[in-house]
Amino acid sequence: MYVCAPGAAKGRFSPAFGSVGCSVVCPWYRSAPVGSPGSGGRWVDLVGICEGLFCVVVQPSAANRKRSPRVPIARSKDFKILRNMDVKSRNYLLMNRQALERDIKTSYIMDHMVTDQVLTLQEEEKVKQQNTQKERAAMLINIILEKDNNSYRSFYNALLHEGYRDLAALLQDGIPVFSSGNGKSSLDGMTSYVKRILCEGGVPQRPVVFVTRPKLVDAIKQKLYCLGSDPGWVTVYGMAGCGKTVLTAEALRDHQLLEDYFPGGVHWISVGKQDKAGLLIKLQNLCSRLEHDSTLSQRPPLNIEEAKDRLRLLMLRKYPRSLLVLDDIWDSWVLKAFDNQCQVLITSRDRSVTDAVSGNKYEIHVESGLAHEKGLEVLSLFVNMKISELPEQANCIIRECKGSPLVISLIGALLRDFPSRWEYYLKQLQNKQFKRIRKSSSYDYEALDEAMSISVEQLDNDFKDYYKDLSILPKDVKVPTKVLCILWDMETEEVEDILQKFVNKSLLFCDRNGKSFHYYLHDLQLDFLTEKNRNQLQELHKNIVNQYKKYYKLNMPIPSQEDCMYWYNFLAYHMAGANMQKELRELMFSLDWIKAKTELVGPAHLIHEYVEYSSVLDQKDSIARENFQEFLSLNGHLLGRQPFPDIIQLGLCQPETSEVYQQAKLRAQSETGAFYLEWINKKSLKNLSRLVVRPHRDAVYHACFSQDRQRIASCGADKTLQVFKTESGEMLLEITAHEDEILCCAFSADDKYVATCSADKKVKIWNSRTGKCMHIYEEHTEQVNCCQFNNRSGQYLLATCSNDTFIKLWDLKGKYCRNTMFGHVNSVNHCRFSPNDEYVASCSTDGTVKLWEVRSANELKTIEIKDFFQNADEQDDVEVLVKCCSWSRNSDMILAVAKNKLLLFDVKTSNLLTQVIVSHHSTIQYCDFCAGDELVAVALSHCSVELWNIKSLSKVADCRGHMSWVHCVTFSPDGSLFLTSSDDQTIRIWETNKVCKSSDAVLKSELDAVFHNGEVMILAIYNQKYIQLINGNTDNIIMQTEPQESLICCCCLSEDLKFAAFGQENGTVKVLQLLDGKVLKYREAYRTSVQHCRFTSDCQTLISSAHDAVIQVWNWQLNECVFLRGHKEAIKDFRLLESAKLLSWSFDGTVKVWNIITGNTEKDFACHGGAVLSCAVSPDGRKFSSTSADKTAKIWSFESSCVLHELKGHEACVRCCTFSPNNKLLATGDDKGDIRIWDILTVRCLCHLEAILSGGM
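Residues numbered from 1 in each chain as written. Predicted model: local features only at pLDDT ≥ 70, side-chain atom pairs only at ≥ 80, totals over all residues. Heavy atoms only, no water.

With an unreviewed UniProt entry as reference, the chain is termed Apoptotic protease-activating factor 1, source organism Anser cygnoides. Word for word, the UniProt comment on the chain under Function (unreviewed entry) is "Oligomeric Apaf-1 mediates the cytochrome c-dependent autocatalytic activation of pro-caspase-9 (Apaf-3), leading to the activation of caspase-3 and apoptosis. This activation requires ATP." Comment text from UniProt for the chain, heading Subunit (unreviewed entry), reads "Monomer. Oligomerizes upon binding of cytochrome c and dATP." (UniProt positions renumbered as here; feature names shortened; annotations may be inferred.)

Here is the structure:
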């Protein structure tokens, strides 16, 4: 007898148990009997391979078939009889034997098993005769081990029924697969009926390594059901190596399908690429198989027509309602030999192969490859390792295999033979060295490139050239038909006919998008083409660019054209591939192209192209490319928004040396009927931001770098998690992650996961590459404010904190919280692991910072932050809310922030090492230590970020650009970059060294300007210590004061440009002479910082206000002062009117008109229920407008003191307003960024704009 040995190639056999005359029945081969001529002529069926074990069944030859039943012919220690228990099930019983013997009571267990008829009464009595409970349990287990799978299932169910759920859980993974029908097999769940039918029909066995693809298997079954009893064809088609054969064979392993639809059996023939002589041999062998039990011996058919007739008779008379499977069909003429009104299933690369035959036709497209996890499973089975034990190259190999079952199997088989070559085979895949990935399996082709090239070689020569043109298509892109119409200069119908031939042969894939078709190549096909045509790629790229230029000439595609998006995304790619340096520079340095592309796809892709193609763009010099890249990096978030801003105006705002500015100026000069503004003092203009992105549609609460600095994750009020590239802002992931605002996000130490936490009380863990949700934790009872991973790779610990006052530690390997740390008495706002992962720090609204030991989850110590706010000057009713903390790199120090202070503590002693008062006007929202432990970044509520040297206690940089509150500031792991996120919906990326080395003057936004004799004179506050007078035309500093002892808060100029005044943080107001900067007069006017000051038109009186309800009118020359008292809350601002009148508005919701000479209130307007944020006076002086935190604006009459109109519609605080010069319109802006233009007479909103920058006008 001969049996198939493990690892033997198809159709090859090795001797076993001596020589017995028999015929070998193999899934791939049938022949005349082997052995001695006088033997009984028995058939041997290879039933299956499971864990290296064979099950062999002897089938009688034709002469003896009726007298000899189908029985096992051999049994040894290497073979398992089908009725035995699965090896896996036995192992689970043996592994858990001690626990079972120790705990179970056998009497009730055996009652269930006797009822199930898997235990006899004699066996039950044998168990009962044992002396002790443990001995009785041991005997029962011994009896079960000698039985089949049913006894295992019965024992498992009995354990569950009798309350031994923990013991049942130990056995659960060992439960054998249940097979319906007669003759259950423990090897693969198939019935003996199915095995007999498939073995007799020559259907291939499952591969030694096999994973399920149930959707495709079910799809094939459904099409077979559709055949019913009628003749017809089912075509399973797809590209080389996609698994057509394995899936088809798996679909046939269905008892019900075979019994109900194909009781006549299944007959499998592997066809392949054949000439007529080869096809005749295949037909002769098939006829011989079908005639093997005939009493009359017939000669083989002599030609294809005779073979076709004989096959038709056999199928109709002897095997009615049977299925003929033709595997690997290449040519339609082959099918004509089988076109005999029977039921046929074929596998092919060519979808159109059944066009030449008659009957019902059904198709299944095997396009999708294996998912990443399935690919890892296949690889792990080949190399006999757990998925978790696979080396890191395994993930890269699966990605390079592009989901192809063929490639994964080829690589797996190679690695099984050469387990040390992980890195080698990965490099071969990455370098497209397909010839080196050679046959190490039973696949029909010697190397991977041969499997792919044979399909191409079957094309006509003309079609080969067309197919070669596809070598330069970008990966993972579906190309509209019109692109190829332009490339080949053909009509749509001609192109679609050509492409359909490729689709039919599985050389190309097609998607229908509405009325148009889109085509794409599988990644492996594209890799193959690229490698094959490597020396011609440049010419192919040049050809498509020239065809584009010929078609569009000097125009650009418009959005309504189906090919528009392709050219905007990939025209630069083709120009770079063609090394067309001149054309690429003209394209990439065109404001028209930049405007059109960013309006369609946003700025990130264009920024990426500047980086990607820098080697081509910089062949002459790199300056122009750097200018345009910087322009887009800093303004792209504006260009991508509607209404689209004027790119020429943005270009005019660039430095005069910039290529962008020079091009914009030429365009502006050539435009007719357009109005543009140009700055006149841009010589020292510098941008400190490296990139500005706008990934969210609402406030951005948090953002963080990945450990490799290549990606940024962000989250915010729009409930989404975004992941994008640090270099360009290109979006990688966008996930609607929670049901409420997301408050924090964090990368794991190996960047594999991103955690998010939300106001919806949930914590979620996401795969950072795929966006798949891995875990959801729901144990917090209030909103979760912060989440942070530990710093050690390989161990996934997550700390979260919540308004429920708890900090929780989660181990991602478990489903539930590992530890809950309690001790805070109010909301916990922030938590962070120490760099050595020994501690977790938490910050709370209760005014404390607590340190916890990670290992034990016990509280280590508490630092009472509120104790450092007990001075009289700082005493108020507001609670000390500790917002954030940050560890030093060596874990010895911890930095905490509350209100406007930075406090640095020694971890061991809890002693305060140093403190810094950052600002008196805003609170600190967030802080972060730089990697070197000297720099600290703080995010402030007044829209800026400051860098402080914690050792010298000096401010290093003031980073401005955000238009609203900054919620977060985070350094990259190496400290070279930091990012900021804000209410204005933007994230800014900054270079640390560039920011720290900048010599730019940090001017406060509170400044005054006077236009005089064609010149602009500006009074500004420099670094909060100096007053500067600047010529706005020349940017020259005319005068600078000595540094002041207290921070400067506001300033103003007199109209005659002789005097200046400023107010300070200590409440002092000073008047100085501009000629020499000498202070003429000063007054200690307030106990709080001065907020506003203005000269009257005669320059003799200075009006000021502070953080209180009183306005002071100071005649500084006579040193007389009038106090305007009447507001109940702090003054927001004021404005001078004619005839010694003054208009003021306050947080108390009122607006008042004062006589500044007498100090009396002349008119009092109760305007709003909330704070009045701004007022504007109409040019004719008859009315004024007010805006408020109550989201309304109102128009008032000075004469009647009545409200004329109330303007509603804003969804946020209305921050500002202004009248048009003709008194007919009013513009209002709110904190959300909306601008509304109102008709004053009709009170109708004429225009509603979403502002380019949020935060009002």
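Still to come is the rest of the account.
**A few points about the overall build of the chain**
For the chain, the count of helices and strands is 33 helices and 67 strands. Residue burial in the chain is summarised as follows: out of 1257 residues, 53% are buried. Of the accessible surface of the chain, which amounts to about 56,900 Å², a share of 48% is contributed by carbon and sulfur atoms. (Helix = DSSP H or I, 4+ residues; strand = E, 2+ residues; numbered from the N terminus. Buried < 20%, exposed > 50% of the residue type's maximum accessible area, 1.4 Å probe, protein only. Areas by Shrake-Rupley, 256 points an atom, 1.4 Å probe, with all protein chains shown as cover.)

**Thoughts on the sheet that holds strand 48 (residues 1048–1053)**
Read across the open sheet, the 4 strands follow the order 48-49-50-51; overall the sheet is antiparallel. Every interior strand has two partners, whereas the edge strands, strand 48 and strand 51 (1079–1084), have only one. Adjacent strand axes in the sheet meet at a mean angle of 15 degrees, parallel and antiparallel pairs treated alike. Here 5 bridges tie strand 49 (residues 1059–1064) to strand 50 (residues 1068–1073), and the two strands are oriented antiparallel to one another. (Pairing = 2+ DSSP bridges. Axes fitted to C-alpha atoms, helices over the stretch in contact; angles between N-to-C directions.)

**Examining the nonpolar core**
Inside soluble globular proteins, nonpolar side chains tend to come together where they are buried. Of all hydrophobic cores here, the largest spans 85 residues; its most connected members are Leu470 and Phe502. Considering each element in turn, this core owes the most residues, 9 residues, to helix 25 (residues 564–577). Apart from residues lying up to four places away in sequence, Leu470 is in contact with Leu484, Trp488, Phe502, Leu508, Leu521, Leu526 and Leu529. By size, the runner-up hydrophobic cluster in this structure holds 54 residues, among which are Tyr193, Val203, Val217 and Leu257. (Core = buried A, V, L, I, M, F, W, Y, C linked by side-chain atoms within 4.5 Å. Contact = heavy atoms within 4.5 Å.)

**Considerations on the side chain of Gln654**
Relative to the helices and strands, Gln654 is located in the loop between helix 31 (647–652) and helix 32 (659–670). Side-chain polar atoms of Gln654 contact the backbone oxygen of Leu650, separated by 3.4 Å. (Polar contact = N/O pair within 3.5 Å; in protein donor to acceptor, adjacent residues only side chain to side chain.)

**Remarks on the pairing of strand 15 (residues 516–520)**
Buried residues dominate strand 15, accounting for 4 of its 5 residues. Pairing analysis gives 2 bridges linking strand 13 (residues 479–480) to strand 15, with the strands arranged antiparallel. Residue pairing across strands places Val479 opposite Tyr519, the latter belonging to strand 15.

**Some words on the environment of Leu159**
Summarising the element assignment, Leu159 is placed in helix 6 (residues 149–161). The spatial distance from the C-alpha of Leu159 to the C-alpha of His112 is 9.4 Å, given a sequence separation of 47 residues.

**Side note on the sheet that holds strand 18 (residues 711–716)**
With antiparallel pairing, 4 strands are arranged side by side in an open sheet as 17-18-19-20. Lying at the two open borders of the sheet, with one neighbouring strand each, are strand 17 (700–705) and strand 20 (731–736). The average angle at which neighbouring strand axes cross in this sheet is 15 degrees, direction not considered. Two strands pair when backbone bridges link them, and strand 17 and strand 18 are joined in this way by 5 bridges, in the antiparallel orientation. Residue Phe705 lies in a different strand from strand 18, and its bridge partner there is Ile712.

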